[in-house]
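# Survey of secondary and tertiary structure
Listed here are the chains, written in short residue letters.
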Amino acid sequence: MNFYGLIVAIATFLMIGLFHPLVIKGEYYFGVKIWWVFAIMGIIGCTASLFLEDMTLSIIAGVFGASSFWSIGEIFQQRERVRKGWFPKRKKD
């Protein structure tokens, strides 16, 4: 049996589950100014995928990089969701 597809699917599912709260909490505490953190993580993930010899790890690193890049757009969309009242806005001290 070949478990590579299942491993990649589980890793992708977990990454989506990780990035969803990262975007929400990141926008809540820092606003959209942290977009560059996701960009750096995306560059690191995609670059790592080019140099990893193990196919499964390479794919997982690529998915991590793509998820990081996707989060850049999501953080700006999260700002709009907060503006519409769908998510709480952080009260400034």
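Here's what I pulled together on the structure shown here. (Residues numbered from 1 in each chain as written. Predicted model: local features only at pLDDT ≥ 70, side-chain atom pairs only at ≥ 80, totals over all residues. Heavy atoms only, no water.)

Now for the overall build of the chain. Secondary structure assignment for the chain yields 3 helices and 0 strands. When its helices and strands are written in sequence order, the chain yields α-α-α. The C-alpha radius of gyration computed for the chain amounts to 15 Å, which surpasses the reference 12 Å derived for 93 residues by more than 25%, pointing to a less compact arrangement than a globule. By principal-axis analysis of the C-alpha atoms, the chain measures approximately 55 × 25 × 20 Å. In the chain, which comprises 93 residues, the proportion classed as buried is 32%. Long-range contacts, defined here as pairs at least 24 residues apart, represent 65% of the contacts in the chain between residues at least 6 apart. (Helix = DSSP H or I, 4+ residues; strand = E, 2+ residues; numbered from the N terminus. Rg over C-alpha atoms; globule rule 2.2 N^0.38 Å. Buried < 20%, exposed > 50% of the residue type's maximum accessible area, 1.4 Å probe, protein only. Contact = heavy atoms within 4.5 Å.)

Turning next to a positive patch on the surface. Positive charge collects at one region of the surface, where Lys33, Lys89, Arg90 and Lys92 lie side by side. Among the structural elements, Lys92 can be located in the segment after α3 (55-83). Classification of Lys92 by relative accessible area gives exposed; the value is 74%. (Patch = residues over 30% accessible without salt bridge, like charges linked within 9 Å, V, L, I, M, F, W, Y side chains within 5 Å. Areas by Shrake-Rupley, 256 points an atom, 1.4 Å probe, with all protein chains shown as cover. Salt bridge = Lys/Arg side-chain N within 4 Å of Asp/Glu carboxyl O. Lys, Arg positive; Asp, Glu negative; His and termini not counted. Charge placed at Lys NZ, Arg CZ, Asp CG, Glu CD.)

Geometry of a packed helix pair, given as the angle between the helix axes and the separation of the axes. Running from N to C, helix α1 (residues 4-30) and α3 point in directions that differ by 30°, and their axes come no closer than 9 Å. When the interaxial angle is binned, α1 and α3 end up roughly parallel. Between α1 and α3 lies a crossing of right-handed hand. Considered class by class, the residues forming the contact of α1 with α3 number 14 nonpolar, 7 polar and 3 charged. (Axes fitted to C-alpha atoms, helices over the stretch in contact; angles between N-to-C directions. Parallel < 35°, antiparallel > 145°, perpendicular 65-115°, else oblique. Left-handed = near helix turned anticlockwise from the far one by under 90°. Nonpolar A, V, L, I, M, F, W, Y, C, P; charged D, E, K, R; others polar.)

With that out of the way, let us pick up the packing of helix α2 (residues 35-51) against α3. At a closest axis distance of 7 Å, the pairing of α2 and α3 adopts a crossing angle of 160°. For the element pair α2 / α3, the angle class is roughly antiparallel. For the pair α2 and α3, the sense of crossing is left-handed. Judged by residue contacts, Trp35, Phe38, Ala39, Met41, Gly42, Ile43, Gly45, Cys46, Ala48 and Ser49 of α2 engage Ser58, Ala61, Gly62, Phe64, Gly65, Ala66, Ser68, Phe69, Ser71, Ile72, Ile75 and Phe76 from α3.

Overall, the coordinates contain 3 aromatic pairs when judged by the stated rule. Between Phe19 and Phe38, the ring centres sit 6.4 Å apart and the planes meet at 45°, which makes this aromatic pair tilted. Residue Phe19 is found in helix α1, and its partner Phe38 is found in helix α2; the two are separated by 19 residues along the sequence. Classification of Phe19 by relative accessible area gives buried; the value is 5%. Here Phe19 and Phe64 contribute two aromatic rings whose centre-to-centre distance is 5.6 Å and whose plane-to-plane angle is 50°, an arrangement assigned as tilted. Note that Phe19 is positioned in helix α1 and Phe64 in helix α3, a separation of 45 residues in sequence. We classify Phe64 as partly exposed; its relative accessible area is 26%. One aromatic cluster in this structure is built from Phe19, Phe38 and Phe64. (Phe/Tyr/Trp six-rings, centres within 6.5 Å; stacked < 30°, edge-to-face > 60°.)

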